[in-house]
Amino acid sequence: MTDKSASPGTLAKTQVLIEALPYFQRYAGRTFVVKYGGHAMGDAKAAREFAEDIVLLKAVGINPVVVHGGGPQIGDMLKRLGVESTFVDGLRVTDQATAEVAEMVLSGAINKQLVSWIASAGGKAMGISGKDGGLVTATKLERTTRDPDSQIEQVLDLGFVGEPTHVDTTILQTASAAGMIPIVAPIGRGEDGETYNINADTMAGAIASALGAARLLLLTDVPGVLDKEGALMTDLTPERIAALRQDGTISGGMIPKLETCTAAVEAGCEAAVVLDGRVPHAMLLEFFTSRGAGTLISLAAPGGDAGD
(Lines give C-alpha, C1' and ligand atoms only; values in the text may rest on other atoms or scores of the structure.)
Protein backbone atom coordinates (compact mmCIF):
# COMPACT_ATOMS: atom_id res chain seq x y z
CA MET A 1 0.00 0.00 0.00
CA THR A 2 1.35 3.42 -0.98
CA ASP A 3 2.03 5.90 1.82
CA LYS A 4 -0.09 8.93 0.93
CA SER A 5 1.09 11.07 3.84
CA ALA A 6 2.81 14.29 2.86
CA SER A 7 6.47 14.86 3.66
CA PRO A 8 7.43 17.61 6.13
CA GLY A 9 8.88 19.63 3.25
CA THR A 10 5.63 19.43 1.28
CA LEU A 11 3.60 20.43 4.32
CA ALA A 12 5.88 23.41 4.91
CA LYS A 13 5.38 24.60 1.33
CA THR A 14 1.63 24.19 1.71
CA GLN A 15 1.69 26.26 4.90
CA VAL A 16 3.54 29.05 3.08
CA LEU A 17 0.83 29.16 0.40
CA ILE A 18 -1.92 29.18 3.03
CA GLU A 19 -0.22 32.07 4.84
CA ALA A 20 0.06 33.97 1.56
CA LEU A 21 -3.59 33.45 0.53
CA PRO A 22 -5.04 36.50 2.34
CA TYR A 23 -2.40 38.69 0.70
CA PHE A 24 -3.16 37.25 -2.75
CA GLN A 25 -6.80 38.11 -2.19
CA ARG A 26 -6.06 41.56 -0.74
CA TYR A 27 -3.85 42.69 -3.63
CA ALA A 28 -5.58 41.00 -6.58
CA GLY A 29 -6.11 43.56 -9.32
CA ARG A 30 -4.00 46.19 -7.54
CA THR A 31 -0.81 47.81 -8.83
CA PHE A 32 2.68 47.58 -7.34
CA VAL A 33 5.32 50.02 -8.57
CA VAL A 34 8.84 48.69 -8.03
CA LYS A 35 12.01 50.76 -8.35
CA TYR A 36 14.85 48.42 -9.30
CA GLY A 37 18.51 49.36 -9.05
CA GLY A 38 21.58 49.24 -6.86
CA HIS A 39 23.56 46.07 -6.13
CA ALA A 40 20.82 43.71 -7.31
CA MET A 41 20.91 45.15 -10.83
CA GLY A 42 24.57 44.27 -11.34
CA ASP A 43 24.30 40.68 -10.13
CA ALA A 44 23.03 38.06 -12.62
CA LYS A 45 21.64 35.72 -9.96
CA ALA A 46 19.87 38.56 -8.15
CA ALA A 47 18.47 39.81 -11.47
CA ARG A 48 17.02 36.38 -12.26
CA GLU A 49 15.42 36.17 -8.82
CA PHE A 50 14.00 39.68 -9.22
CA ALA A 51 12.49 38.72 -12.59
CA GLU A 52 10.96 35.58 -11.08
CA ASP A 53 9.39 37.62 -8.29
CA ILE A 54 7.90 40.12 -10.73
CA VAL A 55 6.47 37.33 -12.91
CA LEU A 56 4.97 35.70 -9.81
CA LEU A 57 3.27 38.97 -8.84
CA LYS A 58 1.67 39.10 -12.28
CA ALA A 59 0.67 35.43 -12.10
CA VAL A 60 -1.30 35.92 -8.86
CA GLY A 61 -3.30 38.85 -10.26
CA ILE A 62 -1.18 41.83 -9.24
CA ASN A 63 -0.12 44.41 -11.83
CA PRO A 64 3.59 45.19 -11.33
CA VAL A 65 5.20 48.24 -12.95
CA VAL A 66 9.01 48.31 -12.83
CA VAL A 67 10.99 51.57 -12.92
CA HIS A 68 14.74 51.02 -13.18
CA GLY A 69 17.82 53.11 -12.51
CA GLY A 70 21.25 52.85 -14.08
CA GLY A 71 23.62 55.49 -12.71
CA PRO A 72 26.71 53.22 -12.55
CA GLN A 73 26.07 51.91 -16.06
CA ILE A 74 25.76 55.46 -17.39
CA GLY A 75 29.05 56.36 -15.70
CA ASP A 76 30.79 53.34 -17.25
CA MET A 77 29.53 54.19 -20.73
CA LEU A 78 30.56 57.84 -20.41
CA LYS A 79 34.10 56.70 -19.55
CA ARG A 80 34.18 54.30 -22.50
CA LEU A 81 33.07 57.08 -24.84
CA GLY A 82 35.48 59.60 -23.36
CA VAL A 83 32.74 61.93 -22.15
CA GLU A 84 33.84 63.73 -19.00
CA SER A 85 31.40 64.04 -16.12
CA THR A 86 31.06 67.12 -13.94
CA PHE A 87 29.56 66.91 -10.45
CA VAL A 88 28.14 69.70 -8.32
CA ASP A 89 27.32 68.88 -4.69
CA GLY A 90 27.52 65.20 -5.61
CA LEU A 91 25.03 65.56 -8.48
CA ARG A 92 26.02 64.81 -12.06
CA VAL A 93 25.62 67.73 -14.45
CA THR A 94 23.82 66.36 -17.50
CA ASP A 95 24.86 68.29 -20.60
CA GLN A 96 23.60 67.42 -24.09
CA ALA A 97 26.22 64.69 -24.67
CA THR A 98 25.60 63.13 -21.26
CA ALA A 99 21.83 63.23 -21.78
CA GLU A 100 22.18 61.35 -25.07
CA VAL A 101 24.34 58.67 -23.43
CA ALA A 102 21.95 58.39 -20.48
CA GLU A 103 18.98 57.82 -22.77
CA MET A 104 20.92 55.27 -24.81
CA VAL A 105 21.91 53.28 -21.71
CA LEU A 106 18.62 53.57 -19.81
CA SER A 107 16.09 53.20 -22.63
CA GLY A 108 18.29 50.83 -24.60
CA ALA A 109 20.71 48.45 -22.91
CA ILE A 110 19.31 48.28 -19.38
CA ASN A 111 15.63 48.44 -20.29
CA LYS A 112 15.82 45.66 -22.86
CA GLN A 113 17.99 43.51 -20.60
CA LEU A 114 15.26 43.63 -17.97
CA VAL A 115 12.64 42.76 -20.59
CA SER A 116 14.77 39.74 -21.48
CA TRP A 117 15.08 38.64 -17.83
CA ILE A 118 11.29 38.80 -17.46
CA ALA A 119 10.85 36.74 -20.63
CA SER A 120 13.31 34.13 -19.35
CA ALA A 121 11.22 33.87 -16.17
CA GLY A 122 8.09 33.17 -18.21
CA GLY A 123 6.55 36.65 -18.28
CA LYS A 124 5.75 39.16 -20.98
CA ALA A 125 7.30 42.58 -20.53
CA MET A 126 7.18 45.79 -22.54
CA GLY A 127 10.11 48.18 -22.29
CA ILE A 128 9.27 51.87 -22.51
CA SER A 129 10.57 55.22 -21.30
CA GLY A 130 8.66 58.14 -19.89
CA LYS A 131 8.60 59.61 -23.41
CA ASP A 132 6.47 56.78 -24.80
CA GLY A 133 2.74 57.38 -24.95
CA GLY A 134 3.21 60.73 -23.22
CA LEU A 135 3.79 58.84 -19.96
CA VAL A 136 5.87 61.47 -18.15
CA THR A 137 6.06 65.18 -18.85
CA ALA A 138 9.05 66.70 -17.09
CA THR A 139 10.51 70.08 -16.30
CA LYS A 140 14.05 71.11 -15.50
CA LEU A 141 15.04 70.25 -11.93
CA GLU A 142 15.93 73.30 -9.88
CA ARG A 143 18.34 72.90 -6.98
CA THR A 144 20.10 75.45 -4.81
CA THR A 145 23.27 75.36 -2.76
CA ARG A 146 24.67 77.67 -0.10
CA ASP A 147 28.13 79.15 -0.57
CA PRO A 148 30.19 78.01 2.45
CA ASP A 149 31.94 81.37 2.73
CA SER A 150 29.28 83.95 1.98
CA GLN A 151 26.31 81.75 2.97
CA ILE A 152 24.53 83.15 -0.08
CA GLU A 153 22.13 80.67 -1.69
CA GLN A 154 22.94 79.98 -5.33
CA VAL A 155 20.98 78.18 -8.07
CA LEU A 156 22.59 75.00 -9.42
CA ASP A 157 22.33 74.34 -13.16
CA LEU A 158 22.32 70.56 -13.56
CA GLY A 159 21.56 70.67 -17.26
CA PHE A 160 19.08 68.12 -18.60
CA VAL A 161 18.08 66.69 -15.23
CA GLY A 162 14.34 66.82 -14.77
CA GLU A 163 11.47 66.04 -12.45
CA PRO A 164 7.98 64.80 -13.36
CA THR A 165 5.24 67.39 -13.62
CA HIS A 166 2.53 65.20 -15.16
CA VAL A 167 2.00 61.44 -15.52
CA ASP A 168 -0.43 60.01 -18.08
CA THR A 169 -0.93 56.38 -17.06
CA THR A 170 -2.79 55.31 -20.23
CA ILE A 171 0.09 53.31 -21.69
CA LEU A 172 0.74 51.56 -18.36
CA GLN A 173 -2.90 50.60 -17.87
CA THR A 174 -3.20 49.42 -21.46
CA ALA A 175 -0.09 47.24 -21.16
CA SER A 176 -1.16 45.78 -17.81
CA ALA A 177 -4.66 44.98 -19.09
CA ALA A 178 -3.06 43.13 -22.03
CA GLY A 179 -1.08 40.91 -19.65
CA MET A 180 2.18 42.81 -20.08
CA ILE A 181 4.60 44.01 -17.41
CA PRO A 182 5.73 47.61 -18.11
CA ILE A 183 9.46 48.21 -17.63
CA VAL A 184 10.03 51.97 -17.46
CA ALA A 185 13.28 53.86 -18.08
CA PRO A 186 13.47 57.15 -16.11
CA ILE A 187 13.50 59.49 -19.09
CA GLY A 188 10.89 62.20 -19.60
CA ARG A 189 9.97 64.73 -22.25
CA GLY A 190 9.69 68.42 -21.53
CA GLU A 191 6.98 70.64 -22.95
CA ASP A 192 9.74 72.23 -25.01
CA GLY A 193 10.56 68.85 -26.57
CA GLU A 194 13.80 68.40 -24.64
CA THR A 195 14.76 65.05 -23.12
CA TYR A 196 15.27 64.96 -19.35
CA ASN A 197 17.02 62.36 -17.22
CA ILE A 198 14.97 61.75 -14.03
CA ASN A 199 16.00 60.18 -10.74
CA ALA A 200 14.53 56.65 -10.75
CA ASP A 201 13.16 56.91 -7.18
CA THR A 202 11.41 60.17 -8.07
CA MET A 203 10.03 58.65 -11.29
CA ALA A 204 8.71 55.59 -9.46
CA GLY A 205 7.07 57.75 -6.80
CA ALA A 206 5.32 59.93 -9.37
CA ILE A 207 4.01 56.88 -11.24
CA ALA A 208 2.84 55.20 -8.02
CA SER A 209 0.96 58.36 -7.07
CA ALA A 210 -0.70 58.68 -10.47
CA LEU A 211 -1.76 55.02 -10.45
CA GLY A 212 -2.98 55.05 -6.85
CA ALA A 213 -0.76 52.02 -6.34
CA ALA A 214 -1.19 49.64 -3.43
CA ARG A 215 2.56 49.69 -2.93
CA LEU A 216 5.61 51.68 -3.98
CA LEU A 217 8.71 49.57 -3.41
CA LEU A 218 12.18 51.11 -3.41
CA LEU A 219 14.86 48.41 -3.59
CA THR A 220 18.05 49.66 -1.98
CA ASP A 221 21.39 48.37 -0.67
CA VAL A 222 20.39 48.66 3.02
CA PRO A 223 17.86 46.69 5.12
CA GLY A 224 15.56 49.72 5.38
CA VAL A 225 15.45 52.74 7.67
CA LEU A 226 17.61 52.22 10.75
CA ASP A 227 17.45 53.90 14.14
CA LYS A 228 20.50 55.37 15.88
CA GLU A 229 21.41 51.94 17.28
CA GLY A 230 21.30 50.38 13.83
CA ALA A 231 18.04 48.50 14.39
CA LEU A 232 15.45 48.30 11.60
CA MET A 233 12.37 50.48 11.98
CA THR A 234 9.53 48.51 10.42
CA ASP A 235 6.77 51.15 10.30
CA LEU A 236 6.93 54.90 9.83
CA THR A 237 4.51 57.75 9.15
CA PRO A 238 5.34 61.08 7.48
CA GLU A 239 5.17 62.78 10.88
CA ARG A 240 7.59 60.30 12.41
CA ILE A 241 9.95 60.66 9.44
CA ALA A 242 10.01 64.45 9.92
CA ALA A 243 10.91 64.02 13.60
CA LEU A 244 13.65 61.48 12.85
CA ARG A 245 15.11 63.76 10.22
CA GLN A 246 15.07 66.66 12.66
CA ASP A 247 17.04 64.73 15.31
CA GLY A 248 19.55 63.40 12.77
CA THR A 249 18.47 59.75 12.81
CA ILE A 250 17.64 59.96 9.10
CA SER A 251 20.37 61.53 7.00
CA GLY A 252 22.33 61.29 3.76
CA GLY A 253 20.93 59.34 0.83
CA MET A 254 17.97 58.07 2.83
CA ILE A 255 16.48 61.59 2.98
CA PRO A 256 15.48 61.85 -0.71
CA LYS A 257 14.16 58.27 -0.69
CA LEU A 258 11.88 59.00 2.23
CA GLU A 259 10.83 62.31 0.66
CA THR A 260 9.72 60.27 -2.35
CA CYS A 261 7.86 57.78 -0.13
CA THR A 262 6.15 60.54 1.83
CA ALA A 263 5.07 62.39 -1.31
CA ALA A 264 3.69 59.16 -2.79
CA VAL A 265 1.58 58.13 0.21
CA GLU A 266 0.28 61.68 0.66
CA ALA A 267 -0.73 61.71 -3.03
CA GLY A 268 -2.75 58.48 -2.97
CA CYS A 269 -0.35 55.53 -2.92
CA GLU A 270 -1.49 53.17 -0.12
CA ALA A 271 1.99 52.58 1.30
CA ALA A 272 5.67 52.65 0.35
CA VAL A 273 8.41 50.25 1.38
CA VAL A 274 12.18 50.75 1.56
CA LEU A 275 13.64 47.28 1.17
CA ASP A 276 17.03 45.57 0.79
CA GLY A 277 17.22 44.41 -2.82
CA ARG A 278 20.21 42.20 -2.01
CA VAL A 279 18.06 39.79 0.03
CA PRO A 280 16.74 36.91 -2.14
CA HIS A 281 12.99 37.25 -2.75
CA ALA A 282 12.70 40.12 -0.28
CA MET A 283 9.69 41.45 -2.19
CA LEU A 284 7.75 38.25 -1.62
CA LEU A 285 8.61 38.25 2.07
CA GLU A 286 7.30 41.81 2.32
CA PHE A 287 4.11 41.32 0.37
CA PHE A 288 2.99 37.81 1.23
CA THR A 289 4.03 37.04 4.80
CA SER A 290 2.96 38.39 8.16
CA ARG A 291 6.61 39.05 9.05
CA GLY A 292 7.24 41.48 6.22
CA ALA A 293 10.63 43.01 5.47
CA GLY A 294 12.13 46.49 5.25
CA THR A 295 10.48 49.72 6.40
CA LEU A 296 6.87 50.48 5.50
CA ILE A 297 5.75 54.10 5.21
CA SER A 298 2.03 54.89 5.37
CA LEU A 299 -0.41 57.46 6.70
CA ALA A 300 -1.68 54.96 9.28
CA ALA A 301 -0.09 54.71 12.72
CA PRO A 302 2.55 51.95 13.07
CA GLY A 303 0.89 48.62 13.65
CA GLY A 304 -2.26 49.74 11.82
CA ASP A 305 -3.85 48.02 8.84
CA ALA A 306 -1.64 49.70 6.28
CA GLY A 307 1.40 48.21 7.98
CA ASP A 308 0.15 44.61 7.93
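What comes next concerns the included structure.

1. Some remarks on the sheet that holds strand β2 (residues 63-68)
Next, step 1: One open sheet accounts for 8 strands, arranged β5-β10-β2-β1-β13-β15-β16-β14; its pairing is mixed. At either margin of the open sheet sits one strand with a lone partner, and together these are β5 (125-129) and β14 (235-236).
Next, step 2: As judged from the 5 bridges shared by β5 and strand β10 (residues 181-185), these two strands associate in the parallel manner. If you follow methionine 126 over to β10, its bridge partner there is proline 182.

2. Observations concerning the nonpolar core
One broad trend across soluble globular proteins is that nonpolar side chains are buried collectively.
Next, step 1: Counting 43 residues, the largest nonpolar core has Ile54, Met283 and Phe288 as the members making the most contacts within it.
Next, step 2: Once residues lying within four places of it in the same chain are set aside, the contact partners of methionine 283 are Val34, Phe50, Asp53, Ile54, Leu217, Leu219 and Leu275.

3. Re the sheet that holds strand β12 (residues 195-198)
Next, step 1: The strand order around the closed barrel formed by 4 strands is β6-β9-β12-β11, and the pairing between neighbours is mixed. Across the sheet, the mean angle from the axis of one strand to that of its neighbour is 60°, orientation sign disregarded.
Next, step 2: Where strand β6 (residues 136-140) and strand β9 (residues 161-167) come together, 5 bridges link them in antiparallel fashion. Paired with valine 136 across the two strands is valine 167, which belongs to β9.

4. Description of helix α6 (residues 200-211)
Next, step 1: Along its 12 residues, α6 runs 16 Å from first to last C-alpha, staying within 8% of the 16 Å computed at 1.5 Å per residue.
Next, step 2: Within α6, burial applies to Ala200, Asp201, Met203, Ala204, Gly205, Ile207, Ala208, Ser209 and Leu211.
Next, step 3: At the C-terminal side of α6, glycine 212 shows a positive phi close to 60°.

5. Points about helix α4 (residues 96-120)
Next, step 1: Along its 25 residues, α4 runs 35 Å from first to last C-alpha, staying within 8% of the 36 Å computed at 1.5 Å per residue.
Next, step 2: Roughly 30° is the biggest bend found in α4, and it falls at asparagine 111.
Next, step 3: Buried within α4 we find Thr98, Ala99, Val101, Ala102, Val105, Leu106, Ser107, Ile110, Asn111, Leu114, Val115 and Ile118.
Next, step 4: In the stretch just after α4, glycine 122 is the one whose phi turns positive, near 95°.

6. Examining the pairing of β6
Next, step 1: Taken together, the 2 bridges between β6 and strand β11 (residues 187-190) define a ladder with parallel strand orientation. By the bridge assignment for β11, threonine 137 is matched with arginine 189.

7. What to know about the packing of helix α3 (residues 71-81) against α4
Next, step 1: At a minimum axis separation of 9 Å, α3 and α4 run at an interaxial angle of 125°. Between α3 and α4, the angle falls in the class oblique. Note that α3 runs across α4; the crossing there is right-handed. Contacts between α3 and α4 involve Gln73, Ile74, Met77, Leu78 and Leu81 on the former and, on the latter, Thr98, Val101, Ala102, Met104, Val105, Leu106 and Ile110.
Next, step 2: Class assignment of the residues belonging to the contact of α3 with α4 gives a composition of 10 nonpolar, 2 polar and no charged.

Parameters at a glance
- Residues numbered from 1 in each chain as written.
- Predicted model: local features only at pLDDT ≥ 70, side-chain atom pairs only at ≥ 80, totals over all residues.
- Heavy atoms only, no water.
- Pairing = 2+ DSSP bridges.
- Helix = DSSP H or I, 4+ residues; strand = E, 2+ residues; numbered from the N terminus.
- Core = buried A, V, L, I, M, F, W, Y, C linked by side-chain atoms within 4.5 Å.
- Buried < 20%, exposed > 50% of the residue type's maximum accessible area, 1.4 Å probe, protein only.
- Contact = heavy atoms within 4.5 Å.
- Axes fitted to C-alpha atoms, helices over the stretch in contact; angles between N-to-C directions.
- Expected span 1.5 Å × (residues − 1).
- Bend = angle between axes of the 7 residues up to and from the residue.
- Parallel < 35°, antiparallel > 145°, perpendicular 65-115°, else oblique.
- Left-handed = near helix turned anticlockwise from the far one by under 90°.
- Nonpolar A, V, L, I, M, F, W, Y, C, P; charged D, E, K, R; others polar.

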